[in-house]
Amino acid sequence: MTANIDKAGARTPAGNTGTGAPVSGAPADRLTGPWHDAALTPGARADALIAAMTLREKVAQLFGVWVGASDEGGEVAPFQHDMEEPVALDDLLPDGLGQLTRPFGTAPIDPAVGALSLARTQERIAGANRFGIPAIAHEECLAGFATWGATAYPVPLSWGATFHPELIREMAAAIGRDMRSVGVHQGLAPVLDVVRDARWGRVEETIGEDPYLVGTVATAYVRGLESAGVVATLKHFAGYSASRAGRNLAPVGMGARERADIILPPFEMAVRESGVRSVMHAYTDTDGIPSAADRPLLTGLLRDTWGFGGTVVADYFGIAFLKTLHGVAGTFGEAAAAALGAGVDVELPTVKTFGGPLTDAITDGVVPEALVDRAVRRVLVQKAQLGLLDADWRPVPPVLAAGADGSADGDSEALRGTVRLDTDENRALARRVAEQAVVLLRNDGTLPLAADAAAGAPARIALIGPNADTPTAVLGCYAFPVHVGGRHPETPLGIELPTLREACAAEFPHSEIVTTRGADIDGPDTDGFGEAAELARSADLVIVALGDRAGLFGRGTSGEGCDAEHLALPGVQQQLLDTLLDTGTPVVVTLLAGRPYALGRAADEAAAIVQSFFPGEEGTRAIASVLSGRAEPSGRLPVSVPRHPGSQPCTYLAARLGHSSDVSSVDPTPAFGFGHGLTYTAFEWSDLVVEHGQASTEGEFTLFCTVRNSGAREGTEVIQVYLHDPVASVVQPVQRLIGYARLDLGPGRAARVRLTVPADLASFTGRDGHRIVEPGDLELRLSASSTDPRLTARVTLTGPVRTVDHTRRLHMGTATEILMEAP
């Protein structure tokens, strides 16, 4: 028998909520009913429960409370955030509680003790309300489960760099399993914002600047998380990344067509294909309408058109912001009414507007109670799906119920250290993702470096730069050691974070490695340049480690609230880089960053450039293995790398007027375009065949090509298919990605690839706001990057203009035959 856990940690017999017998502390009027019957549909169970609830009980399911687990194993305590006053749980719990906010992700906590603390709290919550309903516990999981001691995976920008959705699905499933094992039900990821301006601080949290890449990778992540029984949350819906000047939480001025064709497609794909169960509204307003109060967006498009049936949750404090930041509500009650009417179901992180202000508005007849019933039904359906309404629900999570006797030990000290969330399997997976996300931007033949002295390993390597010997240089701002650990410097990091110096020392044991910082990440001091130059001149090779320091709200150079005025390397790093180039020693630039930066002379003069985007706890080992060639470079840029630091905002998805011209002195041409990435081998593309050069506006094209590894090493090529529409009824990007295929080929091996391109992929939003497919000539460019087309198929669509909707085809078909002999 699995035991309940009392406040002192002793095991007590499990209560039978299905028979009406109260668990410890349960109210005497504990009710039972069909909502406990797991044989009924979740909708039927929710309806029965709603019919039995009071208004206050229904409203209580629509908000969360921000809590922090106890490191002694006691119940969680309300977290006092500087934006809100703490709540009194004893006053709230008799009516129930919808969500628990970040019980693990608020302060360092041993995972086993945190699971015990959460279990005790859940028992208290269920025991205090008439129906025995526990809360949904949610956590951040943007780069792994954001708790102390959990695996820190690469950030989403690195996911995009892999061009490998299946690998990201595997990673997300591992993250979900860890979360579910300790009692967490919902993860606040992935981010589907498409990069529109790389100065935005949250670029590291995005998957890239192309909506198709973002959609495919994010959909895979959702599938992985949901496969583990964790509710995934799409965010931020919609337009957050398109803020003016790349400033966090700034107004968005884009037009309806940019929103429809760039911002919304990733969300549409995920809703249609992933099984996602939650969406988070964005903070921002678009053309004066805040997302939290945008009924056409949250209800008309998301639910009525796309058919989404899950919950819409508020970005933290977002409903209150309707009053305090947007000025579209005069009171918190008006803010609650606007959000609830628009389609927001749950207020996070804690109760502010959906408690008393909403209840008063309903009592006063300002808000119809039917809106509450609509929202609470969605919440209760989700709780039924998660098993939280089952008669045999218990608060004990798997890691505490896995003992030989099937029970959980309530002794917090005995539990401490028994749960490991950074397993060898997790680290191996983090390593695979990190290696496949490393992008080789430039190489004059210096890389790969020999690791063995007999093979010509450099005798002396000067490893220079502010990220050369910094353990946290691999972590983004939502990794726990950065996001929370920075406020607790007395607490160990909780995971192993080898520095680049340590990784290179292990990778190149026959080379002497000498190290100096040279400069800080963002400081003005150049006093270290002299020592850096001296070390460089005395070495056979320089590896310079540059980039960002992740942080929150101005405490870093990348991260939420850490927006950039331009895309020059922070501080004096560019000057340091130029100083090292001047020494004449070959310089290999390695970047551990949260966004792309202009690299000045190095784009043309460096011996090699290796780009990584906060590659996680195994990131430095991944970089070192790519430097040595033990791992083949296979990453591709998910964002363009600018040539000039002041050419923003600019992405490859620019119309003709957005490209270089003779009438502007600003040249936005990138140094390295979207999709770019070199390998240590060479590939030949040939034998393009278009089965039929014409198709109707409801038809499809079939293309064949051969890709051969003509080099002496294994390698990965990514076939990227771009569509160019020379003449359209509205202005189009010069080209846009409509599909891709990743090929792993040994030396001399070839693949015959069949691509089926439906006409639906040529659709765009027309003049009247409807998505259409127009007849006319098109180019299908089979490319190694947005700047490197290899084969071009010129095809024609015939027939009438065709209107399409959300049921259109979203993907090209891909079939690959590996040829046993080189053609």
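In this text the structure is predicted, and so the values were computed from the model without any measurement.

Rules and cut-offs
Residues numbered from 1 in each chain as written. Predicted model: local features only at pLDDT ≥ 70, side-chain atom pairs only at ≥ 80, totals over all residues. Heavy atoms only, no water. Helix = DSSP H or I, 4+ residues; strand = E, 2+ residues; numbered from the N terminus. Buried < 20%, exposed > 50% of the residue type's maximum accessible area, 1.4 Å probe, protein only. Contact = heavy atoms within 4.5 Å. Salt bridge = Lys/Arg side-chain N within 4 Å of Asp/Glu carboxyl O. pLDDT = per-residue confidence, 0-100. Phe/Tyr/Trp six-rings, centres within 6.5 Å; stacked < 30°, edge-to-face > 60°. Lys NZ or Arg CZ within 6 Å of the ring centre and 35° of its normal. Pairing = 2+ DSSP bridges. Axes fitted to C-alpha atoms, helices over the stretch in contact; angles between N-to-C directions.

To continue, consider the environment of Val 367. Tracing the sequence through the fold places Val 367 in the loop between helix 13 (356-363) and helix 14 (369-385). Classification of Val 367 as buried rests on a relative accessible area of 4%. Spatially, the C-alpha atom of Val 367 lies 26 Å from that of Arg 277, the residues being 90 residues apart in sequence. With near-sequence residues (within four places) excluded, Val 367 lies in contact with Ala 337, Leu 340, Leu 358, Ala 361 and Ile 362.

With that settled, the discussion passes to the pattern of salt bridges. Tallied over the full model, the rule gives 47 salt bridges. Note that Lys 58 and Glu 369 form a salt bridge whose closest N and O atoms lie 2.7 Å from each other. Placement of the pair is Lys 58 in helix 2 (residues 55-60) and Glu 369 in helix 14, with a sequence separation of 311 residues. Using a relative accessible area of 4% as the deciding quantity, one classes Lys 58 as buried. Connected via shared salt-bridge partners are Asp 422, Arg 427, Arg 431, Glu 435, Glu 496, Glu 617, Glu 618 and Arg 621.

Turning our attention to the confidence of the model for the protein chain. Of the residues in the protein chain, 93% have a pLDDT of 70 or more, and the chain-wide mean is 92. Low pLDDT (under 50) marks residues 1-25, which in the prediction has 60 contacts with non-local residues, meaning those over four places away or in another chain. With pLDDT under 50 throughout, residues 404-409 is counted as low confidence; its partners more than four residues away or in other chains account for 14 contacts.

Let us look at the packing of aromatic side chains. Under the defined criterion, the tally for this structure stands at 16 aromatic pairs. Between Trp 66 and Phe 317 the ring centres are 6.4 Å apart and the planes differ by 40°, which places this aromatic pair in the tilted class. Highlighted residues: Trp 66 in strand 3 (residues 64-68) and Phe 317 in the loop between strand 12 (311-313) and helix 11 (321-324), separated in sequence by 251 residues. Each member of the pair, Trp 66 together with Phe 317, is buried. Within the aromatic cluster, the residues linked to one another by ring pairs are Phe 163, Tyr 212, Tyr 652, Phe 674, Tyr 722 and Tyr 740. Above the ring of Tyr 478, the side-chain terminus of Lys 235 is found at 5.8 Å from the ring centroid.

The subject of this paragraph is the sheet that holds strand 21 (residues 683-690). The pairing of strands in a sheet happens through backbone hydrogen bonds and is either parallel or antiparallel. Pairing is antiparallel across the open sheet formed by four strands, whose spatial order is 21-23-26-32. Two strands lie at the open edges of the sheet, namely strand 21 and strand 32 (813-819), each paired on one side alone. Averaged over all adjacent pairs, the angle separating strand axes in this sheet is 20°, with direction ignored. When strand 23 (residues 700-709) meets strand 26 (residues 750-758), the two strands line up antiparallel, connected through nine bridges. If you follow Leu 703 over to strand 26, its bridge partner there is Leu 755.

Moving on: the sheet that holds strand 29 (residues 776-785). The sheet built from five strands is open, its strands ordered 22-30-29-24-25 with mixed pairing. Pairing within the sheet leaves two strands with one partner each, and these edge strands are strand 22 (694-696) and strand 25 (736-745). Across the sheet, the mean angle separating the axes of adjacent strands is 30° when strand polarity is ignored. Relative to strand 30 (residues 788-798), strand 29 runs antiparallel, the two being bridged by nine bridges. Each bridged residue has a counterpart across the sheet, and for Leu 782 the counterpart in strand 30 is Leu 791.

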